[in-house]
Amino acid sequence: MESFDPAELPELLKLYYRRLFPYAQYYRWLNYGGVVKNYFQNREFSFTLKDDIYIRYQSFNSQSDLEKEMQKMNPYKIDIGAVYSHRPSQHNAVKLGAFQAQEKELVFDIDMTDYDDVRRCCSSADICSKCWTLMTMAIHIIDRALKEDFGFKHRLWVYSGRRGVHCWVCDESVRKLSSGVRSGIVEYLSLVKGGQDVKKKVHLSEKIHPFVRRSINIIKKYFEEYALVDQDILENKESWDKILALLPGTIHEELQPYFQKSHNSLQRWEHLKRITSTSQNIKNDKCGPWLEWEIMLQYCFPRLDINVSKGINHLLKSPFSVHPKTGRISVPIDLQKVDQFDPFTVPTISSICCELDVISTNENKKEENEAEADIKHRTRDYKKTSLAPYVKVFEQFLENLDKSRKGELLKNSDLQKDF
């Protein structure tokens, strides 16, 4: 992957916003077919500029309006907010209390730093292929629940550009949900609870909810390789003591000799499973697979930022934004290839601008004075770079949204004919 030098960012952003950003698809997404009057015009965008200058309540009349402003400002980061009752750019002129957030996609933000108490390879902003499996499991678990348990159809998953993933649920009915309903959905999807001082963060009741069972089944596919081999969570006394702290004190003594005799995490885990399901020392405590499952969930289950999801006016980083520290583009993730997604092969702004330079050198010779040709080409420039497959994933998502919308319109017109 092309190395990224933050000092070059201003120049690279100019080129990116002028020639590579997929404006047409982006506008097509946020305009939602133009069905609701002023839906795009009443949407808040916020830009973070060089030196952390932060501008909220930006809004635009049209795609070309958005393009001009982005090319003028060259934002280091773009966030998307709610659709308001009035144009956000005029919010100061609106009577106090009248300016209200009315709709927004239901969004989820999963950040690797929230797993720092359970990952052993990296911490804070660092990630590697060993801990990225946490994000793979998170996408599978949350996406399955959104699709099967809630029946949400239009789910766009996006890499954040550094250490996490975002999900945008875009169904029309979902965009209208109240903050209370959003909170209920996040609550349903949350099992790991408690701050840094709380050792045991997962407590299962004896009646296991189907959502928990299905999540465990997903984790089981990854647990051995991820937790016992890559993270080696029972490697030594220090690491296994953290796991013993999640089990009833009565079986610690029973487990210690087996842990000391064993050679690796795999063997220790087998002993733990056997003893937690058969020990006579677990008095009045649930035994069976519950204890083992609680550990698996604490170490692998998705950790959502609840506040991001429940607030309608909460801002979230836009797809196709550039991460100013890594230079990586926030690209959509293909749900058919979640296990193959590798954050380290995501295009950086340097790599795609470099690809464009090579192509442009030849073309510029041919079309030096043809302004019109430049415009024609600009709309297809991203197709000549490694950004293309990610724009294709986005287009597929938009296709499905369009089909759904047309289906709804047909259904409604048929209903009207029946009267």
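Residues numbered from 1 in each chain as written. Predicted model: local features only at pLDDT ≥ 70, side-chain atom pairs only at ≥ 80, totals over all residues. Heavy atoms only, no water.

Before going further, it helps to spend a moment on the nonpolar core. Among the nonpolar cores identified, the biggest contains 124 residues, and Y16, W29, F108 and I349 are the most heavily contacted of them. Ranked by residues supplied to this core, first place goes to helix α4 (residues 129–149) with eleven residues. Looking at this core, you find at least three residues from each of domain 1 (6–109 + 154–180 + 305–411) and domain 2 (193–300). In contact with W29, not counting residues within four places along its chain, are I80, E105, L156, W168, C170, P319, F394, F397, L398 and L401. Core analysis: the second largest hydrophobic core is formed by five residues, A82, Y84, F99 and I312 among them. (Core = buried A, V, L, I, M, F, W, Y, C linked by side-chain atoms within 4.5 Å. Buried < 20%, exposed > 50% of the residue type's maximum accessible area, 1.4 Å probe, protein only. Helix = DSSP H or I, 4+ residues; strand = E, 2+ residues; numbered from the N terminus. Domains from an automatic or database assignment. Contact = heavy atoms within 4.5 Å.)

With that out of the way, let us pick up unusual backbone geometry. One non-glycine residue with positive phi stands out, namely Y57, at about 55 degrees. Taking the relative accessible area as the measure of exposure, Y57 reaches 24% and is therefore partly exposed. The backbone of S124 shows a phi angle near 45 degrees, a positive value even though the residue is not glycine. If you trace the backbone, S124 turns up in the loop between β5 (106–111) and α4.

Here we come to the domain arrangement of the protein. Considered domain by domain, the protein is made up of domain 1 (6–109 + 154–180 + 305–411) and domain 2 (193–300). Between the C-alpha centres of domain 1 and domain 2 there is a distance of 42 Å.

Where α4 contacts helix α7 (residues 210–230), the two axes come as close as 10 Å, and the packing angle between them is 170 degrees. Between α4 and α7, the angle is such that the two are roughly antiparallel. Two secondary-structure elements touch here, α4 through K130, C131, T133, L134, T136, M137, H140, I141, R144, A145 and D149 and α7 through F211, R214, S215, I218, I219, Y222, Y226 and D230. Across the contact of α4 with α7, the residue classes break down as ten nonpolar, four polar and five charged. (Axes fitted to C-alpha atoms, helices over the stretch in contact; angles between N-to-C directions. Parallel < 35°, antiparallel > 145°, perpendicular 65-115°, else oblique. Nonpolar A, V, L, I, M, F, W, Y, C, P; charged D, E, K, R; others polar.)

Given two aromatic rings, one states the distance between the centres and the angle between the planes to describe the pair. Using the criterion set out here, one finds 29 aromatic pairs in the structure. Taken together, a centroid distance of 5.4 Å and an interplanar angle of 55 degrees make the contact between F45 and F60 tilted. With F45 in strand β1 (residues 43–49) and F60 in the loop between β2 (53–58) and α3 (63–73), the pair connects residues that are 15 residues apart, well separated along the chain. Classification of F45 by relative accessible area gives buried; the value is 0%. Relative accessible area serves as the criterion here: at 4%, F60 is assigned to the buried category. The ring of Y57 has R56 sitting right over it, with the charged end atom 4.6 Å from the ring centre. A cation over an aromatic ring shows up here: R274 above the ring of Y258, its NZ or CZ 4.8 Å from the ring centre. (Phe/Tyr/Trp six-rings, centres within 6.5 Å; stacked < 30°, edge-to-face > 60°. Lys NZ or Arg CZ within 6 Å of the ring centre and 35° of its normal.)

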